[in-house]
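Working through the structure, step by step
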Amino acid sequence: MMPATFRWTDAAIRRALGLRGGDPGAAHPPGRPYEGICTDTRTLRRGDVFVALRGERFDGHAFIARAVQSGCGAVVAADDPGECPVPVYRVPDTLKALGDLALHRRLQSAVPVVGITGSSGKTTVKDLALGALAGTHRAHGTEANLNNRVGTPLTILSMPETATALVLELGTNEPGEIAELARIARPTIGVVTTVSETHIERLGDLCGVLDEKLDLVRAVAAGVGSGAAIVGDEPAELPRQARTIAPGVTVAGWSPAADPHLRPEDPHRRPDGTWTFTWSGHPVTLRIPGAHNVHNALLALAVAHRLNVPPASAAAGVSSVGPGAMRGEVRRAGGLTLLVDCYNANAAGVAAALTTLEGMAAQGRRVAVLGTMLELGERSDAIHREALGRALRAGIDRYVLTGAFARAAAELAEGQIPLADDRVHLVPDVDELADLLPELVGPRDTILLKASRGVRLERAIPVLESLGGGEGDA
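This report concerns the structure included in the present document. (Residues numbered from 1 in each chain as written. Predicted model: local features only at pLDDT ≥ 70, side-chain atom pairs only at ≥ 80, totals over all residues. Heavy atoms only, no water.)

Once that is clear, we can look at the overall build of the protein. Assigned secondary structure in the protein consists of 16 helices and 19 strands. For the protein, the C-alpha radius of gyration of 24 Å lies close to 23 Å, the compact-globule estimate for 474 residues. Across the 474 residues of the protein, 55% fall into the buried class. Taking contacts inside the protein between residues at least 6 apart in sequence as the whole, the part at least 24 apart equals 66%. Counting only carbon and sulfur atoms, one obtains 50% of the accessible surface of the protein, whose full area is about 20,000 Å². Separation between the mean location of the 48 positive side-chain charges and that of the 54 negative ones in the protein comes to 6 Å. (Helix = DSSP H or I, 4+ residues; strand = E, 2+ residues; numbered from the N terminus. Rg over C-alpha atoms; globule rule 2.2 N^0.38 Å. Buried < 20%, exposed > 50% of the residue type's maximum accessible area, 1.4 Å probe, protein only. Contact = heavy atoms within 4.5 Å. Areas by Shrake-Rupley, 256 points an atom, 1.4 Å probe, with all protein chains shown as cover. Lys, Arg positive; Asp, Glu negative; His and termini not counted. Charge placed at Lys NZ, Arg CZ, Asp CG, Glu CD.)

The next thing to look at is the sheet that holds strand β1 (residues 37-38). Judged by pairing direction, the sheet is parallel, and its four strands sit side by side in the order β1-β2-β3-β4 without closing on themselves. Both edges of this open sheet fall to β1 and β4 (88-90), since each of them pairs with a single strand only. Here strand β3 (residues 74-77) pairs with β4 via three bridges, running parallel. Within β4, the residue paired with A77 across the bridge is R90. Where helix α1 (residues 10-17) meets the sheet, its contacts fall on β1, β2 (49-51), β3 and β4, and the angle it forms with β4 comes to roughly 15°. (Pairing = 2+ DSSP bridges. Axes fitted to C-alpha atoms, helices over the stretch in contact; angles between N-to-C directions.)

Following both chains from N to C, one finds helix α10 (residues 292-306) and helix α11 (residues 311-319) inclined at 145°, their axes separated by 10 Å at the closest point. Considering only the axes of α10 and α11, their crossing is right-handed. Residues A297, A300, L301 and A304 of α10 form the contact with α11, whose own contacting residues are A314, A315 and V318. By residue class, the composition of the contact of α10 with α11 is seven nonpolar, no polar and no charged. (Left-handed = near helix turned anticlockwise from the far one by under 90°. Nonpolar A, V, L, I, M, F, W, Y, C, P; charged D, E, K, R; others polar.)

We now examine unusual backbone geometry. The step from E234 to P235 runs through a cis peptide bond, and the omega angle for that step is -5°. Within the secondary structure, P235 is located in the loop between β9 (228-232) and α9 (237-245). Although it is not a glycine, S280 adopts a positive phi angle of roughly 50°. Looking at where S280 falls in the secondary structure, it is placed in the loop between β12 (275-279) and β13 (282-285). One non-glycine residue, N308, lies in the positive phi region at around 60°. Within the secondary structure, N308 sits in the loop between α10 and α11. Taking the relative accessible area as the measure of exposure, N308 reaches 67% and is therefore exposed.

In this section: the side chain of N346. Looking at where N346 falls in the secondary structure, it is placed in the loop between β15 (336-340) and α12 (347-359). Note on N346: relative accessible area 5%, which makes it buried. Only 3.1 Å separates the side chain of N346 from the backbone oxygen of S119, close enough to count as a polar contact. Setting aside chain neighbours within four positions, we find N346 in contact with S119, S120, S196, E197, T198 and M373. (Polar contact = N/O pair within 3.5 Å; in protein donor to acceptor, adjacent residues only side chain to side chain.)

This part covers the sheet that holds strand β18 (residues 424-427). The strand order across the open sheet formed by six strands is β14-β15-β19-β16-β17-β18, and the pairing between neighbours is mixed. In this open sheet, the two strands that pair with only one neighbour each are β14 (329-333) and β18. Neighbour-to-neighbour, the strand axes of the sheet open up by a mean angle of 20°, direction not taken into account. Sheet topology places strand β17 (residues 398-402) next to β18; four bridges connect them, and they run parallel. Residue L401 lies in a different strand from β18, and its bridge partner there is L426. Sitting on the sheet, helix α14 (residues 403-414) is in contact with β16 (366-370), β17 and β18, with an inclination near 110° to β17. Packing against the sheet, helix α15 (residues 433-440) makes contact with β16, β17 and β18, and its axis sits at approximately 170° to β17.

Of the residues making up α15, those classed as buried are L433, L437 and L440. Each buried residue of α15 lies within a common arc of 65° when the element is viewed along its axis, so the set occupies one face. In α15, the exposed residues that point more than 90 degrees away from the buried face are D435 and E439. Contact partners of the buried residues in α15: β16, β17, β18 and α16 (461-468). (Arc of directions from axis to C-beta.)

The analysis is restricted to geometry; functional conclusions fall outside its scope.
Shown next as structure tokens:
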């Protein structure tokens, strides 16, 4: 457990950052505590240590004076701020320093740390894992999607001393990021949800994505003590490769490749697209639609099992978790039903969302509004064409295609691959959706919104809700 006496002091800061005693400008009474660690002057508390991060569009060094005015107790900086009334801890790289501070805090704690990564589903698995642990643990976890080299350290640094488990979502868009996050978090349980062609702009290809995600399994396997690796069963290469790193890896999912106790028993899809199943003799009733979320729930239940949570408590906890904002939300306005799943998108996620839409009970038509999948690099056009080709084989009544999906449809048509013209409607510019959607959907339709977050497809929601005759509810 985190010692109740843990405090940030000059000595602790120096140990974390590898600084020698007596470095110029860093003098501070050794026993006097700091309040905490902060990177944003808008949330800084009096007595915090301000870490001056530098990014592509900002430089925290420009805010050091404001941090001092707000009462910070010390500053961590790469540049010399000049005369400063508070101690300044000079480091070569403040982003690495933030990670080192988080690592120091992590090493003061004996709580189990769960690290979750994957091309899809990591936020949902994190939320479901927190639900599964809630009955027996005071679990602290990643908020929203603060899963990068800034968000992960801040999550660790904000862990309450009363926490008995830490659940971290770990994201990546470039080689080496998972390894660095694992170095900081030192996970005792590592979860890889699935792997697909995401972030290949920097990760290269599917093999590059797989290798990057497997760095979490490598970190767990190399850790001290009895670490555990848990992976999904799709694609098949994921468990195969994971087992070459950690032979005792646990596999969860629908297929025979999954461990028998981590497959759903007696699964049933309900009219709203959510599923029920039995796990370890206890009923699970999901509030998040989609068969892929049965897979995500099983991963979360595997985490709970590793942490000795009673199965009944874990099943009830998973059943209590609703969808996150724009992550499989079902909203209704009059007779209109919206499946809002536009927080992120990749080809596998689009396929899963279409399968969910296809299985939902609908009074009117099933309509899929598909927008661009981002960060796919040179393969973007090909991936959109491939994803659209698969999408058109689903049992969907109408497709409204924007951005890269609209371009993919035009390319497919030029290649004499037949499109069902009465089902496919192209809206090349997403900004035109608000004007055109009223002509393309009816008041009793069930409508999927799916695109990458940067497309901001949620802008269509108010228009759709007005067509349905009222505000939506989840």
